[in-house]
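Here are the chains, one letter per residue:
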Amino acid sequence: MHFAIFIINSHGSLVYDNTALSDKIKIKSNDALRLAGTFHTMHSISSQITPESAEEEKFIAGTHLRDGIQTIESDSFKLHCYQVLTGIKFLLVSDVSTPETEMHHMLAEVYQIYGDFVSKNPFYEQDMPIRMTKFDKAIEKLFMPSYY
């Protein structure tokens, strides 16, 4: 079961959050902002201390982009991060029983929806909060139990 989805821009600002996927998690807006900033910082630090030989390094526009934190697992939830080449991070919070492959697949689908409804929207300004009804509906449809 998936509990929440967050999208963090390349500067660490929260641009989208949806905690309405489940009634098990309720995060206030200030807590979601803190979560985004804290995760972005931890991800940045972890990508800097990752040994170069341990992973494939991406070189984009003169910058080295390393993966950093990909999964955080606790007793009650699992947080999975999918970072794209532009530095945008897609976070999915789910139950600990959710398989890693399913989480990666769902985040790839969220990225596809992001590309279709946000990136291709001529009225969307980069790094601004995402406030699009069609995007919200597509995300909710993706996470409906009947999707599987």
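Summarised in this report is the structure supplied together with it. This is a predicted model, so every value here is computed, not measured. Throughout this document, residue positions are counted from 1 along each chain, in the order its sequence is written. Where local features are concerned, this predicted model is filtered to residues with pLDDT of at least 70; where side-chain atom pairs are given and counted, the filter is 80 or more; whole-chain, interface and lining totals use all residues. Note that the side-chain values use all heavy atoms of the structure and ignore hydrogens as well as water.

Side note on the nonpolar core
Then step 1. Definition used in this section: a nonpolar core is a set of buried Ala, Val, Leu, Ile, Met, Phe, Trp, Tyr and Cys residues joined via side-chain atoms within 4.5 Å. With a 1.4 Å probe rolled over the protein chains alone, any residue whose accessible area is under 20% of its type maximum counts as buried; one over 50% counts as exposed, and the rest are partly exposed. Grouped together as the largest cluster of nonpolar side chains are 24 residues, with contacts concentrated most on Ile7, Phe90, Ile130 and Phe135.
Then step 2. Helix and strand definitions follow DSSP, with helices as H or I runs of at least four residues and strands as E runs of at least two, each counted in order from the N terminus. Contributions of two or more residues to this core are made by β1 (2-8), β2 (14-18), β7 (89-94), α2 (100-119) and α3 (133-142).
Then step 3. Examining the composition of this core, we find that 7 residues originate from one element, α2, more than from any other.
Then step 4. Should any heavy atoms of two residues lie within 4.5 Å, those residues are considered in contact. Setting aside residues up to four positions removed in sequence, isoleucine 130 forms contacts with Ile7, Val15, Tyr16, Tyr114, Val118, Tyr124 and Phe135.
Then step 5. Residues Ala4, Leu14, Ile69 and Val93 belong to the second largest nonpolar core, which totals 13 residues.

Structural notes on the pairing of β2
Then step 1. Within β2, 4 of the 5 residues are buried, leaving the element largely enclosed by the surrounding structure.
Then step 2. In this sheet, β2 lies alongside β1 in antiparallel orientation, the contact comprising 4 bridges. Of the residues in β2, the one forming a bridge with isoleucine 5 is asparagine 18. Paired strands, in this sense, are two strands between which DSSP finds at least two bridges.

With respect to α3
Then step 1. Every buried residue belonging to α3 is among Phe135, Ala138, Ile139 and Leu142, and all of these are buried. In an axial view of α3, the angular spread of the buried residues amounts to 100°, which keeps them on one side of the axis. Opposite its buried face, α3 presents the exposed residues Thr133, Lys137 and Lys141, each directed more than 90 degrees away.
Then step 2. Those residues of α3 that are buried are in contact with β1, β2 and α2. Of all possible arcs, the one meant is that of the directions from the helix axis to the C-beta atoms.

Quick notes on the sheet that holds β1
Then step 1. Taken in spatial order, the 5 strands of this open sheet run β2-β1-β7-β6-β5, and their pairing is antiparallel. In the strand order of this sheet, the two ends are held by β2 and β5 (71-73), each with one partner. Pairs of neighbouring strands in the sheet enclose a mean axial angle of 15°, with direction left out of account.
Then step 2. Axis definition: a line fit to C-alpha positions, over the contact stretch in the case of helices; interaxial angles, taken between N-to-C directions, run 0 to 180 degrees. Sheet contacts for helix α1 (residues 29-49): β1, β2, β5, β6 (78-83) and β7; angle to β1, the most-contacted strand, approximately 70°.
Then step 3. Sitting on the sheet, α2 is in contact with β1, β5, β6 and β7, with an inclination near 45° to β6.

A word on the side chain of lysine 89
Then step 1. Looking at the element boundaries, lysine 89 is found in strand β7.
Then step 2. For this analysis, a polar contact is any N or O atom pair within 3.5 Å, provided that within protein one partner can donate a hydrogen and the other can accept it, and provided that sequence-adjacent residues contribute only side-chain to side-chain pairs. Looking at lysine 89, its side chain comes within polar contact range of the side chain of histidine 40, at 3.0 Å.
Then step 3. Residues within four places of lysine 89 in sequence aside, it is in contact with Phe6, Ile7, Ile8, Asn9, Phe39, His40, His43, Cys81, Tyr82 and Gln83.

Quick notes on α1
Then step 1. With 21 residues, α1 should cover 30 Å at 1.5 Å per step; its first-to-last C-alpha distance of 31 Å lies within 8% of that length.
Then step 2. Burial in α1 covers these residues: Ala32, Ala36, Phe39, His40, His43, Ser46 and Ser47. The arc that holds the buried residues of α1, viewed along the axis, is 140°, so those residues lie on one side. Set apart from the buried face of α1 by more than 90 degrees, the exposed residues are Arg34, Gln48 and Ile49.
Then step 3. Looking at the buried residues of α1, the elements they touch are β1, β2, β5, β6 and β7. One less than the number of residues in a helix, times 1.5 Å, gives the span that helix is expected to have.

Some remarks on the packing of aromatic side chains
Then step 1. Ring pairs shown here join Phe, Tyr and Trp side chains whose ring centres sit within 6.5 Å, with only the six-membered ring taken for Trp; geometry is labelled stacked below 30 degrees between planes, edge-to-face above 60, and tilted in between. Inspection of the entire model under this criterion finds 4 aromatic pairs.
Then step 2. Aromatic ring contacts, followed pair by pair, group Tyr82, Phe90, Tyr111 and Tyr114 into a single cluster.

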